[in-house]
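Coordinates in review
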Amino acid sequence: MQPKVMMKKKNISASKASLILFLCQIVSALDVPLDSKLLEELLQPPTITQQSPKDYIVDPRENIVIQCEAKGKPPPSFSWTRNGTHFDIDKDALVTMKPNSGTLVINIMNGGKAEAYEGVYQCTARNERGAAISNNIVIRPSRSPLWTKEKLEPNQVREGDSLVLHCRPPVGLPPPIIFWMDNAFQRLPQSERVSQGLNGDLYFSNVQPEDTREDYICYARFNHTQTIQQKQPISVKVFSMDSLNDTIAANLSDTDIYGAKPVTERQPVLLTPTGSTSTKVELRGNVLLLECIAAGLPTPVIRWIKEGGELPANRTFFENFKKTLKIIDVSEADSGNYKCIARNTLGSAHHVISVTVKAAPYWITAPRNLVLSPGEDGMLICRANGNPKPDISWLANGVPIAIAPEDPSRKVDGDTIIFSHVQERSSAVYQCNASNEYGYLLANAFVNVLAEPPRILTPANKLYQVIADSPALLDCAYFGSPKPEIEWFKGVKGSILRGNEYVFHDNGTLEIPVAQKDSTGTYTCVARNELGKIQNEVQLEVKDPTMIIKQPEYKVIQRYGQVSFECIIKHDSTLLPTVIWLKDNDELPDDERFLVGKDNLTIMNVTDKDDGTYTCIVNTTLDSVSASAVLTVVAAPPTPAIIYARPNPPFDLELTGQLERSVELSWVPGDENNSPITNFVIEFEDGLHEPGVWHYQTEVPGTQTTVQLKLSPYVSYSFRVIAVNEIGRSQPSEPSEQYLTKSANPDENPSNVQGIGSEPDNLVITWESLRGFQSNGPGLQYKVSWRQKDVDDEWTSVIVANVSKYIVSGTPTFVPYEIKVQALNDLGYAPEPLEVIGHSGEDLPMVAPGNVQVHVINSTLAKVHWDPVPLKTVRGHLQGYKVYYWKVQSLSRRSRRHVEKKILTFRGNKTFGMLPGLEPYSSYKLNVRVVNGKGEGPASPDKVFKTPEGVPSSPSFLKITNPTLDSLTLEWGSPTHPNGVLTSYILKFQPINNTHELGPLVEIRIPANESSLILKNLNYSTRYKFYFNAQTSVGSGSQITEEAVTIMDEAGILRPAVGAGKAMASRQVDIATQGWFIGLMCAVALLILILLIVCFIRRNKGGKYPVKEKEDAHADPEIQPMKEDDGTFGEYSDAEDHKPLKKGSRTPSDRTVKKEDSDDSLVDYGEGVNGQFNEDGSFIGQYSGKKEKEPAEGNESSEAPSPVNAMNSFV
């Protein structure tokens, strides 16, 4: 028979293996977005959304409403069962169902009786896709019965005796809340002596005369029906011995009276629970309540402990004067024995309650709805736990799955249903039922098979705004069945986005980890599956960050002064900032002294309460920044104050009451020096073991001058006292007299016992030796014991001197040992020590990891897998695995280089790791080694892998040379890191006009083997901006930009000044052809002509005139050489007079153009330095925004400007 059993087990394990293999191949189910419009359109099986509780107690005076709401597409229909059979609501006039709902309303208020509708109800919601069911809802009407009439005898009790007043409320549904009150409806006071138990009884640990009263009344409140029932009043009369003697004095002799016993004290006796032990069963997640109430005089105090463990922290509470132990949210770990101890001065009593925590079923993995495409696979998993372990059963559309209609795509395997190659007819609702004797769980989960074309749920043209250098997340919420593939494009006709600068999330979201200003634009999301394709556009705007360019600064201000904090900000022009000021992270005081300006905060008439930290917070809709500064308010130098100092040291130390383990120390305090002593610190010296070394002993309040000190055996004690006040510590007092305690066995064993081998064949046992005063006597030694764990039964022991290490030789390699170290001295042994686990020495691992596999994720990242080595071959503590990898060669250059190995360590028993920072289009090798505390094991065979192509780096350089009227020559260097095979270069360029606007963009594709290009047919005297980048088959790399200018047409130069026009921008030539300019020049010429005529007439008349005076004082600006910084042209000769150029020439000999010489020169494109032209006419400098012109200095002449100057000033 045994072989058959073995064969059966083998078949079972084989089937499980095939099941696991199948589960690994299952396609993940679709997630249906919670989009209301989408949910309205999709077919969906029913889902129960609302239902009444399982145990439903109703008010018998009101209508019964049993809730059952469900959703689905098409809307579901509803039906009910009662006590397991169909409930036909049409046959009961008192029962109706709400429209478009499954909720039942039972009309009790029109003559129905709630008792008639007690039972178990269950709702079913059904449509063409399946049926969902509710829990079993048990309907019970609440009950609040009256107290049965009973004759209550008065309670006559002797003072000091215990007493229990029984409540015994009527049994109600749900159970009532009990409380005790008097005739005036005042709650009876409760204390440690008098308290109410969990059962509602009133317990007196001992009665006192003040307990005498006739109106002890127990009330029962039934919350469900809002009624309160009252028990008949109970009378209690307490007799004291004095009153008893007065009552019977006439009938008893003096001897009898004086012989009556007075009130006697008694040790505790438990009133509840009775006996020495009891049991309690509670369910997981509930509140555990344990109670102990004791009688006794004096009144006992209750204490709770858990045997063999600690009471759970944060979940344990004591109520009813510690008579009730309350533990919330109990779990199986809270099972055990709980002991209550009642104690007074005469003794104690205890009771042990054995608690067992059971558990109704609770979910580990509840089944989840499954949305699949036709032909896909999936599974429903239903896992629950409990105590006892629950049984799992499945239903399909409310019918046990064993008798449900067959479905070839469905296979049930215990707590899992596996679906393969589903079709639309496979749609259904499945129910999982997990039950044990303490309850059940019921969960509905549908399988919905859909065939839907893609839909994009993100609104079209949605605008996203982010701050530069922060992440941008662009949504593309989608749905389709089968699951669509998502692609992103920038622009309507842009190329597909790829590369490491983007992150593509599974939910369709595109993440730009570091958005830049050039990330602004339109992004297109495309979703496609085999049933269709759809796209959507969103907009991204990247804003400049908000910055505080001048922060508030630390200020020190005298009282009643004025202080101001600045907070000047810079922000994106499209964002509206708001500035808030805080004081100590709270709002500014509502005080008119605080003045908040546009970029500052001013505090008038500063007071001491203004001292603190002031924070400026700048908020926009996209970001927030803040800066803080501290304000310190100081006063004028104070008048001389009382001198405070540290106290003087105590004196007159005295030892009294010397015992073996204690002594009393007293002292006299020194002068406190105007600062009260807060405490005294007591230190001791062990003159026998550590003379001259003082140790902290204890400290006491400053009002105490004596202390009882605990001592250790075999120590020569001296004590000293230090006084402490707010200023500091006093000098130590003079030492007390010495006191030598008697020897004894050691009280403790060495700590930090460890066993770690230093060699493969030894075990080094170490420990922290006892300090001198811990030895408790002379002759301190250690008993070191060891045995191999789970192998040796007997201990091997050796006694060593007062050392802290012992080496055991000849051990097997890396095996566990049980170790213990026990202290002993001349008087005997310390208590039995605790055992610790150690290991003998490690050796290098024996084998290399196997089955090393590499999965290349992208051009710079790979994932490596390996099989773990058997733990027995590690021969030590497994610390992890090391992956050695190195680049063999670049596939694009085929050039080998010096091999630089890189090492990555993966801690623990990991079987995979990521290799970042790889170079694209390269060949790599790697191997894997296991590591223990001794070192590394052998390497696995080298594994070769290759990284795919990536995008190239930018070209190494771009030079623009040989400018002519209509051409430029471009030269470039190939990328430093091609990261693949270069396919081409992309050149884009566009002109820059006079207002710095960019013209149309021209794009040229250049073969990869070219390194220069001559651009022809360009405009003369025009600035161009060039963008240049390389491409591989993966995409374009980063671009490099340059600017250059074609040289000017010489026909447009003002020829009378030789060479003067070469550096002038063509705008001065173009502007001379404008109508408004010609008109302006004519007006200027006319004014000059009139002025000359007036001067000529006055000169003919003779005499001086203002113009003549200026001409005498200053030479004619038309012929006088000009300063280099006067901002105007110098004189030049006409065509007939070939005189050399004068000092004021427009263009100096070094071919530079100064910024002052032209208000519209190309210098304005530079970065604040003088631009200049090379010999070939190309412009040196970088394009930037045009700067504001400054007024010319040093030219205050009132005379009319020359035509050239006028033209220069108007351009």
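Just so it is clear, the model here is predicted, and its values are computed rather than measured.

Looking at the pattern of salt bridges
Tallying each qualifying case throughout the model produces 35 salt bridges. Salt-bridge contacts for Arg284 lead to Glu332; the nearest nitrogen and oxygen are separated by 3.6 Å. Here Arg284 is found in the loop between β21 (277-283) and β22 (288-291), whereas its partner Glu332 is found in the loop between β26 (324-327) and β27 (336-344), with 48 residues between them in sequence. Assessed through its relative accessible area of 36%, Arg284 is described here as partly exposed. Residues joined in a network through salt bridges with shared partners are Asp182, Arg213 and Asp215.

Some remarks on the sheet that holds strand β32 (residues 391-396)
The five strands are arranged β29-β37-β36-β32-β33 in an open sheet whose pairing can be described as mixed. Each having just a single partner strand, β29 (370-372) and β33 (399-400) make up the two edges of the open sheet. Summarising the sheet, β32 and strand β36 (residues 428-436) pair through six bridges and their orientation is antiparallel. Within the sheet, the bridge partner assigned to Ala396 lies in β36 and is Tyr430.

A short note on the side chain of Arg929
Tracing the backbone shows Arg929 in strand β77 (residues 922-932). A polar contact is formed between the side chain of Arg929 and the side chain of Asn927, at a distance of 3.4 Å.

Considering the packing of aromatic side chains
In the structure shown here, the tally under the stated rule is 21 aromatic pairs. Taking the centre distance of 5.8 Å and the plane angle of 75° together, the rings of Phe87 and Tyr121 count as edge-to-face. Of this pair, Phe87 sits in the loop between β6 (85-86) and β7 (95-97) while Tyr121 sits in strand β9 (residues 119-127), placing them 34 residues apart in sequence. Considered together, Phe87 and Tyr121 belong to a single accessibility category, that of buried residues. Judged by centre distance (5.4 Å) and plane angle (65°), the rings of Trp667 and Phe680 are edge-to-face. Remark: Phe680 occurs in strand β59 (residues 677-686) and Trp667 occurs in strand β58 (residues 662-668); sequence separation between them is 13 residues.

Observations concerning the state of the cysteines
Every disulfide links exactly two cysteines, by a covalent bond between their sulfur atoms. The full count for this structure, using the stated rule, is six disulfides. Here Cys476 is linked by a disulfide to Cys525, with a sulfur-sulfur distance of 1.8 Å. The sign of the -60° torsion about the S-S bond sets the Cys476-Cys525 disulfide as left-handed. With Cys476 in the loop between β40 (472-474) and β41 (478-481) and Cys525 in strand β45 (residues 521-529), this residue pair connects regions lying 49 residues apart in the sequence. Pair check on accessibility: Cys476 and Cys525 agree, each one buried. In this model Cys567 forms its disulfide with Cys616; the gap between the sulfur atoms is 1.9 Å. Handedness of the Cys567-Cys616 disulfide follows from its S-S torsion of about -65°: it is left-handed. Linking Cys567 in the loop between β49 (563-566) and β50 (568-570) with Cys616 in strand β55 (residues 612-619), this pair joins segments that are 49 residues apart in sequence.

Looking at the nonpolar core
Counting residues in hydrophobic clusters, the biggest one holds 30 residues, and the most contacted among them are Ile64, Ile66, Trp80, Ile106, Tyr121 and Ile139. Mapped by element, the contributors of at least two residues to this core are β2 (55-58), β3 (64-66), β4 (68-73), β5 (77-82), β8 (104-106), β9 and β11 (137-141). Within the second largest apolar cluster, 20 residues are counted, among which are Val663, Leu665, Phe680 and Val707.

Section: the sheet that holds strand β73 (residues 861-867)
Pairing is antiparallel across the open sheet formed by three strands, whose spatial order is β72-β73-β76. Here the strands that pair on one side only, and so sit at the sheet edges, are β72 (850-858) and β76 (912-915). Taking the axes of each pair of neighbouring strands and ignoring which way they run, one obtains an average angle of 20° across the sheet. Summarising the sheet, β73 and β76 pair through four bridges and their orientation is antiparallel. Paired with His865 across the bridge in β76 is Phe912.

A word on the environment of Asp544
Checked against the element boundaries, Asp544 lands in the loop between β46 (532-543) and β47 (547-550). Ignoring sequence-local partners within four residues, the contact set of Asp544 consists of Ile467, Lys517 and Asp572.

A word on a nonpolar patch on the surface
A grouping of Leu1086, Leu1089, Ile1090, Ile1093, Val1094, Phe1096 and Ile1097 is seen on the molecular surface, where their side chains present a nonpolar patch of about 650 Å² in accessible area. Relative to the helices and strands, Phe1096 is located in helix α7 (residues 1075-1101).

Things to note about the side chain of Gln196
The residue Gln196 is located in strand β15 (residues 194-196) in this model. A residue is classified by how much of its surface remains accessible, and Gln196, at 17% relative accessible area, is buried. In this structure the side chain of Gln196 is engaged in a polar contact, spanning 3.0 Å, whose partner is the backbone oxygen of Ile178.

What about the environment of Glu587?
Considering the arrangement of structural elements, one finds Glu587 in strand β52 (residues 586-587). Judged by relative accessible area, which is 66%, Glu587 ranks as exposed.

Some points on the environment of Thr1046
Mapped onto the secondary structure, Thr1046 falls in the loop between β85 (1040-1045) and α6 (1067-1071). Taking the relative accessible area as the measure of exposure, Thr1046 reaches 2% and is therefore buried. For the pair Thr1046 and Ser1021, spaced 25 residues apart in sequence, the C-alpha separation works out to 4.8 Å. A polar contact of 2.8 Å, which involves the side chain of Thr1046, links it to the backbone nitrogen of Ser1021. Within the structure, the side chain of Thr1046 is placed 3.0 Å from the backbone nitrogen of Thr1022, a separation counted as a polar contact.

Topic: the confidence of the model for the chain
When pLDDT is averaged along the chain, the result is 83; 83% of the residues meet or exceed 70. Low pLDDT, under 50, characterises residues 252-260; the predicted model gives this stretch five contacts beyond four residues in sequence or across chains. This model gives residues 1050-1069 a pLDDT under 50, and the stretch forms 33 contacts once residues within four places in sequence are excluded.

Some points on unusual backbone geometry
For the peptide bond that leads from Thr272 to Pro273, omega is -5°, which places it in the cis range. Among the structural elements, Pro273 can be located in the loop between β20 (266-272) and β21. The residue Asn461 is not glycine, and still its phi comes out positive at about 55°. Its place among the elements puts Asn461 in the loop between β38 (452-456) and β39 (462-467).

Rules and cut-offs
Residues numbered from 1 in each chain as written. Predicted model: local features only at pLDDT ≥ 70, side-chain atom pairs only at ≥ 80, totals over all residues. Heavy atoms only, no water. Salt bridge = Lys/Arg side-chain N within 4 Å of Asp/Glu carboxyl O. Helix = DSSP H or I, 4+ residues; strand = E, 2+ residues; numbered from the N terminus. Buried < 20%, exposed > 50% of the residue type's maximum accessible area, 1.4 Å probe, protein only. Pairing = 2+ DSSP bridges. Polar contact = N/O pair within 3.5 Å; in protein donor to acceptor, adjacent residues only side chain to side chain. Phe/Tyr/Trp six-rings, centres within 6.5 Å; stacked < 30°, edge-to-face > 60°. Disulfide = S-S within 2.5 Å. Core = buried A, V, L, I, M, F, W, Y, C linked by side-chain atoms within 4.5 Å. Axes fitted to C-alpha atoms, helices over the stretch in contact; angles between N-to-C directions. Contact = heavy atoms within 4.5 Å. Patch = residues over 30% accessible without salt bridge, like charges linked within 9 Å, V, L, I, M, F, W, Y side chains within 5 Å. Areas by Shrake-Rupley, 256 points an atom, 1.4 Å probe, with all protein chains shown as cover. pLDDT = per-residue confidence, 0-100.

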